[in-house]
Amino acid sequence: MAQSLTHGETALPADWRDLFALTKPRVMSLVVFTALCGLLAAPGSVPPVLAFSSILAIALGAGASGALNQWYEAGLDAKMKRTAGRPLPAGRLDPQTALQFGVGLAAFSLFLMLFASNWQATLLLAVSILFYVLVYTMWLKPRTPQNIVIGGAAGAFPPLIGWVAATGSIAPLPVMLFLLIFLWTPPHFWALALFMRSDYAAAGIPMMPVVAGEKSTRRQILFYAVIMAVGAIAPWPLGYTGALYGWTAVVLSAVFVALSVQVGTRTTGEGDMMRPEKRLFAYSIAYLFILFGAVVADHWWPL
Amino acid sequence: MTEETPNEPFDEAEYRRRQRSRANMMAWMLGGLAILFFFITIAKMQIFS
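Residues numbered from 1 in each chain as written. Chains lettered and ligands numbered in written order. Predicted model: local features only at pLDDT ≥ 70, side-chain atom pairs only at ≥ 80, totals over all residues.

**Remarks on the overall build of chain B**
Then, in step 1: Looking only at helices and strands, chain B has one helix and zero strands in total.
Then, in step 2: The 49 residues of chain B split such that 2% are buried. (Helix = DSSP H or I, 4+ residues; strand = E, 2+ residues; numbered from the N terminus. Buried ≥ 20, exposed ≤ 12 C-beta atoms within 10 Å, placed from the backbone.)

Have a look at this one:
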């Protein structure tokens, strides 16, 4: 049973660790890294304190999105093993506090971005927060198995915001980095959804394996992996990056597609350990980290 | 975890501990932000001068 929040009539103040957990720190790390790469790959130089503040604003915006997502999905989270221990479903935090925290953090992140950077980056940050909370969390996720495909745009904003924070304008390369994360999201999340299928089914979330079945999901993972690989390599022949990024993208994407072929062409029986799916999920995280690192390395130390 | 009943004695020590840890956290964050905003202002002044 959930722990009570009150002792008689007096509510306990929320523990700061629970507020921190509300921001989904692990997701935030990927957001911060891709935003930093977008900022570092941009032409020109930004004073370090402004760069730090812009990245902090993006991190806080991502944290606010995570908090508002957990506030809205507390009921669903309680039904899934993976998320039942989060502060809201576990009863360690009351929804009102979570909502106030999320809205306050979102407002502050926008203020900080405007103060440290420019209105263009602030506008993009506001759009990404609203897109994640309103379009993905509230509208798409409970309604369609395509939730991840369209909702992936929310997670694709950070490198674009980082670049715009540094330059004040949009260019082809950050748009391609946006597309890369956008196309990476479906195979990444559907690999997770394959081995967490029962959890999503229990919560009634229409994830692809629950609605369309495993076979169709596996085919679509492979389909998106191939498009993503093309999108990842494209900046090299188009002249927006050099050979360092290009070869890194070729090698890493080839491994991604190979792992996706494994997942896409297999059938599973009762009690399957889902090792290829778990491997693809873990690799997809490393893939994005290394590829974005290569974008920066290519900009600073071109071959 | 256990569900607490309204009759359970109020845990004053836990209440104070959480209040204190949040107050400390808030103080550090506000202090950090004051310093950050100071340096942002200096950096902006250098850009525009």
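After that view, the rundown keeps rolling.
**A look at the overall build of chain A**
Then, in step 1: Scanning chain A from N- to C-terminus turns up 13 helices and two strands.
Then, in step 2: A compact globule built from 303 residues should have a C-alpha radius of gyration of about 19 Å, and chain A, at 20 Å, falls within 12% of that.
Then, in step 3: Principal axes of the C-alpha set define a box for chain A whose edges measure 65 × 55 × 25 Å.
Then, in step 4: For chain A, buried positions account for 49% of its 303 residues.
Then, in step 5: Considering only contacts within chain A whose residues lie at least 6 apart along the sequence, 73% involve residues at least 24 apart. (Rg over C-alpha atoms; globule rule 2.2 N^0.38 Å. Contact = placed C-beta atoms within 7 Å.)

**Looking at the environment of A:Ile55**
All names here are of chain A.
Then, in step 1: Tracing the chain through its elements places Ile 55 in helix 3 (residues 48-72).
Then, in step 2: On the neighbour-count criterion, Ile 55 (24 C-beta atoms within 10 Å) is buried.
Then, in step 3: Note: C-alpha distance between Ile 55 and Ala 165 (110 residues apart in sequence) is 8.9 Å.
Then, in step 4: Those residues in contact with Ile 55, other than ones at most four positions away along the chain, are Val 32, Ala 35, Leu 36 and Leu 39.

**A few points about the environment of A:Ala286**
All names here are of chain A.
Then, in step 1: Tracing the sequence through the fold places Ala 286 in helix 13 (residues 275-300).
Then, in step 2: Residue classification places Ala 286 among the exposed residues on the basis of 12 C-beta atoms within 10 Å.
Then, in step 3: For the pair formed by Ala 286 and Leu 252, sequence separation is 34 residues and the distance between their alpha carbons is 9.6 Å.

**Points about the domain arrangement of chain A**
Residue and element names in this part refer to chain A.
Then, in step 1: Splitting chain A by domain gives domain 1 (13-168) and domain 2 (171-303).
Then, in step 2: Taken over C-alpha atoms, the centre of domain 1 sits 21 Å from the centre of domain 2.
Then, in step 3: Here the side of domain 1 that touches domain 2 takes ten residues from helix 7 (residues 147-167), the largest share from any one element.
Then, in step 4: Split into classes, the residues belonging to the side of domain 1 that touches domain 2 amount to 17 nonpolar, five polar and five charged. (Domains from an automatic or database assignment. Nonpolar A, V, L, I, M, F, W, Y, C, P; charged D, E, K, R; others polar.)

**Brief notes about the packing of helix 2 (residues 25-41) of chain A against helix 7 of chain A**
Residues and elements named next belong to chain A.
Then, in step 1: Two elements in contact, helix 2 and helix 7, have axes whose closest approach is 7 Å; the angle formed by their N-to-C orientations is 40°. Where helix 2 crosses over helix 7, the two elements pack in a sense that is right-handed. Facing helix 2, whose interface residues are Val 31, Thr 34, Ala 35, Leu 36, Cys 37, Gly 38, Leu 39 and Ala 41, helix 7 presents Pro 158, Pro 159, Leu 160, Ile 161, Gly 162, Trp 163, Ala 165 and Ala 166.
Then, in step 2: A per-class count over the contact of helix 2 with helix 7 returns 13 nonpolar, three polar and no charged. (Axes fitted to C-alpha atoms, helices over the stretch in contact; angles between N-to-C directions. Left-handed = near helix turned anticlockwise from the far one by under 90°.)

**Comments concerning unusual backbone geometry**
Excluding glycine, residues mostly carry a negative phi; peptide bonds, for their part, are mostly trans.
Residue and element names in this part refer to chain A.
Then, in step 1: Of note, the phi angle at Lys 24 is positive, near 50°, even though the residue is not glycine.
Then, in step 2: Located in the positive-phi region is Met 274, a residue other than glycine, with phi close to 55°.
Then, in step 3: With respect to the helices, strands and loops of the structure, Met 274 is situated in the loop between helix 12 (243-265) and helix 13.
Then, in step 4: For Met 274, a count of 17 C-beta atoms within 10 Å gives the class partly exposed.

**Structural notes on the environment of A:Leu252**
Residue and element names in this part refer to chain A.
Then, in step 1: Along the polypeptide, Leu 252 turns up in helix 12.
Then, in step 2: Leu 252 sits in the buried class, given 20 other C-beta atoms within 10 Å.
Then, in step 3: Residues Leu 252 and Ser 284, spaced 32 residues apart in sequence, show a C-alpha to C-alpha distance of 9.7 Å.
Then, in step 4: Beyond its immediate stretch of four places on either side in the chain, Leu 252 contacts Tyr 287, Ile 290 and Leu 291.

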